[in-house]
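What follows is each chain in one-letter form.
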Amino acid sequence: MRRHLLDLILIWVGSTVVLGYMVLSEPSWRSVIVRIYILLLGVLALFALFTSTTERLPGSRRSPFDAALPRGTPPGKPLPEVERMKREVALACATSYDLHARLIPHLREIANARLERTGRIAGPETLGASWELLRPDRPEPSDRFAPGIKEAELRSVVDALARL
């Protein structure tokens, strides 16, 4: 209210001067001008009441709703590549065709990249037990809907690739 007090006084004085001038210059409009003046005084009174009540409210306290919201940064979305790979692993565990068409190419790429670092090539002596799964001439499964790789077997292949 204190910051707006001077503004309110100036608006009131200015509107009173305008009212006096309009009443003296246009006597036929006197009743309309007085009603507009009374309306303006009502608006000024409401504005003064509103500003005085908002100044008395406690400042910037969090509402119970805001306090219930979790603080900190929201968890990030997982990378699309990670989500895609999770789906491919789930499909590879479900059917043998998905294992052959989706997951084995990724596993071969990983094995070749790890072996190239040390100057070796993929073969039965370098990949060991994983060679049967990762060999390039592995035929497509005859039954596309046969069960895929077991999770334990896939873990052992991934562990073997990690040791390369």
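Counting from 1, residues in each chain are numbered in the order their sequence is written. It should be noted that, the model being predicted, local features are given only for residues of pLDDT at least 70 and side-chain atom pairs only at 80 or more, the latter also being counted only at that level, while totals for whole chains, interfaces and linings use all residues. Hydrogens and water molecules were not included; the side-chain quantities draw on all heavy atoms of the structure.

### Considerations on a nonpolar patch on the surface
Line of reasoning, step 1. Patch membership requires more than 30% relative accessible area and the absence of a salt bridge. Residues of like charge join within 9 Å; the nonpolar side chains Val, Leu, Ile, Met, Phe, Trp and Tyr join within 5 Å. Note on areas: Shrake-Rupley with a 1.4 Å probe; residue coverage comes only from the protein chains shown. When a carboxyl oxygen of Asp or Glu lies within 4 Å of a side-chain nitrogen of Lys or Arg, that pair is called a salt bridge. There is a patch of nonpolar side chains on the surface, built from Leu5, Ile9, Trp12, Val13 and Val17 and spanning about 450 Å² of accessible area.
Line of reasoning, step 2. Going along the chain from the N terminus, every DSSP run of H or I of four or more residues is numbered as a helix, and every run of E of two or more is numbered as a strand. Turning to its location among the elements, Val17 is positioned in helix H1 (residues 2-25).

### Concerning the nonpolar core
Line of reasoning, step 1. Side-chain atoms within 4.5 Å link the members of a nonpolar core, which is a set of buried Ala, Val, Leu, Ile, Met, Phe, Trp, Tyr and Cys residues. In this scheme, a residue with accessible area under 20% of its type's maximum is buried, one over 50% is exposed, and one in between is partly exposed, where area comes from a 1.4 Å probe on protein chains only. Among the nonpolar cores identified, the biggest contains 15 residues, and Leu99, Leu103, Leu107, Leu127, Leu133, Leu134 and Leu161 are the most heavily contacted of them.
Line of reasoning, step 2. Put simply, the parts of the chain that give this core at least two residues each are helix H5 (96-117), helix H7 (131-134) and helix H8 (151-163).
Line of reasoning, step 3. Examining the composition of this core, we find that six residues originate from one element, H5, more than from any other.
Line of reasoning, step 4. Two residues qualify as a contact provided that any one of their heavy atoms is within 4.5 Å of a heavy atom in the partner residue. Among all residues touching Leu134, those that are not within four sequence positions of it are Ile104, Leu107, Arg108, Ala111, Leu127 and Leu161.

### Quick word on the packing of helix H4 (residues 80-94) against H5
Two numbers describe a pair of packed helices, the interaxial angle and the distance between the axes.
Line of reasoning, step 1. Only the contacting stretch of a helix is used when fitting its axis, a line to C-alpha atoms as for every element, and angles between N-to-C directions run 0 to 180 degrees. Closest axis-to-axis distance for the H4/H5 pair is 8 Å, and the angle between their directions is 135 degrees. Judged on the interaxial angle alone, H5 and H4 are oblique. Crossing angle aside, the handedness with which H4 passes H5 is left-handed. In contact with Arg84, Met85, Glu88, Val89, Leu91 and Ala92 of H4, H5 contributes Asp98, Leu99, Arg102, Leu103 and His106.
Line of reasoning, step 2. For this classification, Asp, Glu, Lys and Arg are treated as charged, while Ala, Val, Leu, Ile, Met, Phe, Trp, Tyr, Cys and Pro are nonpolar and the rest, including Gly, are polar. In the contact of H4 with H5, the residues fall into six nonpolar, one polar and four charged. Oblique is the label for every angle not falling under 35 degrees (roughly parallel), over 145 degrees (roughly antiparallel), or within 65 to 115 degrees (roughly perpendicular). If you view the pair so one helix is near and one far, a crossing is left-handed when the near helix is turned anticlockwise from the far one by less than a right angle, and right-handed when it is turned clockwise.

### Regarding the packing of H5 against H8
Line of reasoning, step 1. It is the contact of H5 with H8, at a shortest axis distance of 10 Å, that shows an interaxial angle of 20 degrees. The orientation of H5 with respect to H8, classified from their angle, is roughly parallel. Helix-helix and strand crossings are classified by hand; for H5 and H8 the assignment is left-handed. Contact residues: Leu103, Leu107, Ile110, Ala111 and Arg114 in H5; Leu154, Val157, Leu161 and Ala162 in H8.
Line of reasoning, step 2. In the contact of H5 with H8, the residues fall into eight nonpolar, no polar and one charged.

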